[in-house]
Amino acid sequence: DAMVIQNPRYQVTQFGKPVTLSCSQTLNHNVMYWYQQKSSQAPKLLFHYYDKDFNNEADTPDNFQSRRPNTSFCFLDIRSPGLGDAAMYLCATSSTTDYNEQFFGPGTRLTVL
Amino acid sequence: DQQVKQNSPSLSVQEGRISILNCDYTNSMFDYFLWYKKYPAEGPTFLISISSIKDKNEDGRFTVFLNKSAKHLSLHIVPSQPGDSAVYFCAASASRAGKSTFGDGTTLTVKP
(Lines give C-alpha, C1' and ligand atoms only; values in the text may rest on other atoms or scores of the structure.)
Protein backbone atom coordinates (compact mmCIF):
# COMPACT_ATOMS: atom_id res chain seq x y z
CA ASP A 1 0.00 0.00 0.00
CA ALA A 2 1.15 3.50 -0.79
CA MET A 3 1.93 5.32 2.40
CA VAL A 4 3.83 7.86 4.44
CA ILE A 5 6.36 6.39 6.87
CA GLN A 6 8.00 8.14 9.76
CA ASN A 7 11.01 6.91 11.71
CA PRO A 8 11.50 6.60 14.52
CA ARG A 9 8.03 6.59 16.07
CA TYR A 10 9.47 7.67 19.40
CA GLN A 11 12.63 9.70 19.85
CA VAL A 12 14.25 10.77 23.09
CA THR A 13 17.01 13.35 23.04
CA GLN A 14 18.83 15.49 25.53
CA PHE A 15 18.49 19.21 25.86
CA GLY A 16 20.70 20.80 23.21
CA LYS A 17 21.61 17.55 21.44
CA PRO A 18 20.82 17.64 17.71
CA VAL A 19 18.20 15.24 16.48
CA THR A 20 16.94 14.22 13.03
CA LEU A 21 13.51 12.86 12.23
CA SER A 22 12.85 11.15 8.93
CA CYS A 23 9.91 10.76 6.61
CA SER A 24 9.53 8.68 3.48
CA GLN A 25 6.65 8.25 1.07
CA THR A 26 5.66 5.80 -1.62
CA LEU A 27 2.90 8.01 -3.02
CA ASN A 28 5.24 9.86 -5.39
CA HIS A 29 3.75 13.18 -4.25
CA ASN A 30 5.52 16.42 -5.12
CA VAL A 31 4.65 18.22 -1.94
CA MET A 32 5.86 17.28 1.55
CA TYR A 33 5.06 19.02 4.82
CA TRP A 34 6.34 19.00 8.39
CA TYR A 35 3.96 19.85 11.22
CA GLN A 36 4.52 20.22 14.94
CA GLN A 37 1.64 19.21 17.17
CA LYS A 38 1.60 19.78 20.90
CA SER A 39 -0.89 18.11 23.17
CA SER A 40 -4.53 18.98 22.39
CA GLN A 41 -3.48 21.65 19.91
CA ALA A 42 -3.76 22.07 16.18
CA PRO A 43 -0.97 20.74 13.98
CA LYS A 44 1.25 23.73 13.20
CA LEU A 45 2.95 23.89 9.82
CA LEU A 46 6.71 24.35 10.09
CA PHE A 47 7.63 24.22 6.40
CA HIS A 48 6.84 22.47 3.17
CA TYR A 49 8.55 21.46 -0.05
CA TYR A 50 7.15 21.73 -3.52
CA ASP A 51 9.56 19.35 -5.23
CA LYS A 52 12.88 20.78 -4.03
CA ASP A 53 11.51 24.27 -3.53
CA PHE A 54 11.64 24.93 0.22
CA ASN A 55 8.98 27.09 1.86
CA ASN A 56 9.51 28.13 5.46
CA GLU A 57 6.70 29.47 7.63
CA ALA A 58 7.47 32.93 8.98
CA ASP A 59 7.22 31.88 12.60
CA THR A 60 9.23 28.65 12.35
CA PRO A 61 12.25 28.98 14.65
CA ASP A 62 15.72 28.90 13.08
CA ASN A 63 16.41 25.88 15.27
CA PHE A 64 14.36 23.84 12.82
CA GLN A 65 15.85 22.89 9.47
CA SER A 66 14.80 20.50 6.76
CA ARG A 67 16.30 18.55 3.88
CA ARG A 68 14.68 16.80 0.96
CA PRO A 69 17.35 14.85 -0.94
CA ASN A 70 14.84 13.26 -3.32
CA THR A 71 11.10 12.92 -3.94
CA SER A 72 10.69 10.08 -1.48
CA PHE A 73 12.53 11.35 1.58
CA CYS A 74 12.36 14.39 3.80
CA PHE A 75 14.20 15.09 7.06
CA LEU A 76 13.54 17.41 9.96
CA ASP A 77 16.64 18.54 11.83
CA ILE A 78 16.35 20.18 15.23
CA ARG A 79 19.76 21.71 15.87
CA SER A 80 19.50 22.40 19.59
CA PRO A 81 16.31 20.97 21.04
CA GLY A 82 14.79 22.76 23.98
CA LEU A 83 12.18 21.49 26.40
CA GLY A 84 9.58 23.43 24.46
CA ASP A 85 10.31 21.39 21.34
CA ALA A 86 8.87 18.24 22.86
CA ALA A 87 5.90 17.43 20.64
CA MET A 88 4.50 15.12 18.00
CA TYR A 89 6.04 15.79 14.59
CA LEU A 90 3.86 14.91 11.64
CA CYS A 91 4.98 14.51 8.06
CA ALA A 92 2.42 14.81 5.28
CA THR A 93 2.33 14.73 1.50
CA SER A 94 0.02 15.96 -1.21
CA SER A 95 -0.09 15.81 -4.98
CA THR A 96 -0.12 18.78 -7.29
CA THR A 97 -3.47 17.67 -8.68
CA ASP A 98 -5.04 18.08 -5.25
CA TYR A 99 -2.90 20.19 -2.99
CA ASN A 100 -5.47 20.34 -0.29
CA GLU A 101 -5.90 16.69 0.63
CA GLN A 102 -2.88 15.70 2.66
CA PHE A 103 -1.71 12.21 3.56
CA PHE A 104 -0.13 11.97 6.97
CA GLY A 105 2.38 9.67 8.49
CA PRO A 106 1.84 8.29 12.01
CA GLY A 107 4.12 10.90 13.54
CA THR A 108 7.26 10.87 15.68
CA ARG A 109 6.85 11.64 19.38
CA LEU A 110 9.88 13.66 20.50
CA THR A 111 10.84 13.81 24.16
CA VAL A 112 13.52 16.24 25.33
CA LEU A 113 15.20 15.47 28.65
CA ASP B 1 -5.05 34.63 16.79
CA GLN B 2 -6.43 31.28 15.70
CA GLN B 3 -8.00 31.43 12.26
CA VAL B 4 -9.76 28.07 12.60
CA LYS B 5 -11.55 27.28 15.83
CA GLN B 6 -13.23 24.19 17.12
CA ASN B 7 -14.84 25.39 20.29
CA SER B 8 -15.89 22.00 21.63
CA PRO B 9 -12.89 19.96 22.79
CA SER B 10 -15.07 16.90 23.23
CA LEU B 11 -18.43 15.43 22.26
CA SER B 12 -20.16 12.28 23.45
CA VAL B 13 -23.10 10.67 21.63
CA GLN B 14 -24.99 7.39 21.71
CA GLU B 15 -24.50 4.86 18.96
CA GLY B 16 -27.06 5.37 16.20
CA ARG B 17 -27.62 9.05 16.97
CA ILE B 18 -26.32 12.04 15.04
CA SER B 19 -22.93 13.58 15.82
CA ILE B 20 -22.48 17.24 14.92
CA LEU B 21 -19.01 18.72 15.04
CA ASN B 22 -18.61 22.44 14.55
CA CYS B 23 -15.87 24.67 13.20
CA ASP B 24 -15.57 28.44 12.81
CA TYR B 25 -13.06 30.39 10.77
CA THR B 26 -12.09 34.03 10.55
CA ASN B 27 -10.09 34.33 7.32
CA SER B 28 -12.40 35.23 4.44
CA MET B 29 -9.70 34.10 1.98
CA PHE B 30 -10.29 30.46 2.91
CA ASP B 31 -12.10 28.75 0.09
CA TYR B 32 -11.57 25.06 0.75
CA PHE B 33 -12.38 23.20 3.91
CA LEU B 34 -11.51 19.70 5.04
CA TRP B 35 -12.20 17.35 7.90
CA TYR B 36 -9.63 14.84 9.09
CA LYS B 37 -10.07 12.00 11.53
CA LYS B 38 -7.31 10.86 13.85
CA TYR B 39 -7.11 7.65 15.84
CA PRO B 40 -4.58 7.29 18.68
CA ALA B 41 -1.03 6.46 17.52
CA GLU B 42 -1.94 7.25 13.90
CA GLY B 43 -1.67 10.32 11.73
CA PRO B 44 -4.77 12.24 10.64
CA THR B 45 -6.62 10.78 7.67
CA PHE B 46 -8.70 12.76 5.22
CA LEU B 47 -12.45 12.33 5.70
CA ILE B 48 -14.41 14.81 3.60
CA SER B 49 -14.01 18.26 2.07
CA ILE B 50 -16.05 21.10 0.66
CA SER B 51 -15.30 23.96 -1.69
CA SER B 52 -16.63 27.43 -0.95
CA ILE B 53 -18.78 27.27 -4.08
CA LYS B 54 -20.92 24.63 -2.36
CA ASP B 55 -22.90 24.63 0.84
CA LYS B 56 -23.14 20.89 1.32
CA ASN B 57 -21.15 17.79 0.50
CA GLU B 58 -22.22 14.29 1.38
CA ASP B 59 -20.28 11.03 1.48
CA GLY B 60 -22.12 8.11 2.98
CA ARG B 61 -22.76 8.75 6.64
CA PHE B 62 -20.74 11.96 6.57
CA THR B 63 -22.07 15.35 5.48
CA VAL B 64 -20.29 18.67 5.69
CA PHE B 65 -22.27 21.91 5.67
CA LEU B 66 -20.75 25.30 4.93
CA ASN B 67 -22.28 28.63 5.90
CA LYS B 68 -20.01 31.25 4.34
CA SER B 69 -21.85 34.25 5.70
CA ALA B 70 -21.40 32.94 9.22
CA LYS B 71 -17.91 31.56 8.48
CA HIS B 72 -19.03 28.29 9.97
CA LEU B 73 -18.92 24.68 8.92
CA SER B 74 -20.18 21.53 10.52
CA LEU B 75 -19.67 17.82 10.09
CA HIS B 76 -22.68 15.55 10.57
CA ILE B 77 -22.25 11.84 11.15
CA VAL B 78 -25.44 9.80 10.85
CA PRO B 79 -25.79 7.23 12.29
CA SER B 80 -22.84 7.41 14.64
CA GLN B 81 -20.92 4.21 15.26
CA PRO B 82 -18.42 3.29 18.02
CA GLY B 83 -15.69 3.10 15.35
CA ASP B 84 -16.23 6.81 14.71
CA SER B 85 -14.69 7.57 18.10
CA ALA B 86 -11.62 9.65 17.26
CA VAL B 87 -10.30 13.19 17.18
CA TYR B 88 -11.74 15.24 14.32
CA PHE B 89 -9.77 18.15 12.91
CA CYS B 90 -11.26 20.91 10.81
CA ALA B 91 -8.85 22.49 8.32
CA ALA B 92 -9.07 25.38 5.87
CA SER B 93 -6.96 26.56 2.97
CA ALA B 94 -6.90 29.45 0.50
CA SER B 95 -6.83 29.05 -3.28
CA ARG B 96 -5.55 25.49 -3.45
CA ALA B 97 -2.34 26.65 -1.84
CA GLY B 98 -2.08 23.36 -0.03
CA LYS B 99 -1.22 25.10 3.21
CA SER B 100 -4.03 24.10 5.49
CA THR B 101 -4.70 25.79 8.80
CA PHE B 102 -6.00 23.35 11.39
CA GLY B 103 -8.29 23.69 14.37
CA ASP B 104 -7.44 22.18 17.74
CA GLY B 105 -9.67 19.17 17.18
CA THR B 106 -12.78 17.71 18.80
CA THR B 107 -12.65 14.33 20.49
CA LEU B 108 -15.76 12.36 19.59
CA THR B 109 -16.82 9.43 21.75
CA VAL B 110 -19.62 7.22 20.47
CA LYS B 111 -21.03 5.05 23.23
CA PRO B 112 -22.53 1.63 22.43
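Calculation rules
Residues numbered from 1 in each chain as written. Chains lettered and ligands numbered in written order. Predicted model: local features only at pLDDT ≥ 70, side-chain atom pairs only at ≥ 80, totals over all residues. Heavy atoms only, no water. Disulfide = S-S within 2.5 Å. Helix = DSSP H or I, 4+ residues; strand = E, 2+ residues; numbered from the N terminus. Pairing = 2+ DSSP bridges.

Colleague: Would you mind going over the state of the cysteines in detail, with residue names and values included?
Modeller: What is meant by a disulfide is a covalent connection between two cysteines, made through their sulfur atoms. Inspection of the entire model under this criterion finds 2 disulfides over all chains. Disulfide partner of C23 of chain A: C91 of chain A, at an S-S distance of 2.0 Å. Taking the sign of the S-S torsion, about -70° here, the bridge from C23 of chain A to C91 of chain A comes out left-handed. Taken together, the residues C23 of chain A in strand β3 (residues 19-25) and C91 of chain A in strand β9 (residues 87-95) connect sequence positions 68 residues apart. Covalent S-S linkage joins C23 of chain B and C90 of chain B, the inter-sulfur distance amounting to 2.0 Å. An S-S torsion of about -75° defines the bridge between C23 of chain B and C90 of chain B as left-handed. Here the residue C23 of chain B occupies a position in strand β3 (residues 19-25), and C90 of chain B occupies one in strand β9 (residues 86-93), the gap between them amounting to 67 residues.

Colleague: Tell me about the sheet that holds strand β1 (residues 4-5) of chain B, and name the residues and values.
Modeller: By definition, the strands of a sheet pair up through backbone hydrogen bonds, in either a parallel or an antiparallel sense. Residue and element names in this part refer to chain B. Pairing in this open sheet of 5 strands is antiparallel, and the strands run β1-β3-β8-β7-β6 from one edge to the other. Every interior strand has two partners, whereas the edge strands, β1 and β6 (56-59), have only one. As defined by bridge partners, β1 adjoins β3 across 2 bridges and the pair is classed as antiparallel. Residue pairing across strands places V4 opposite Y25, the latter belonging to β3.

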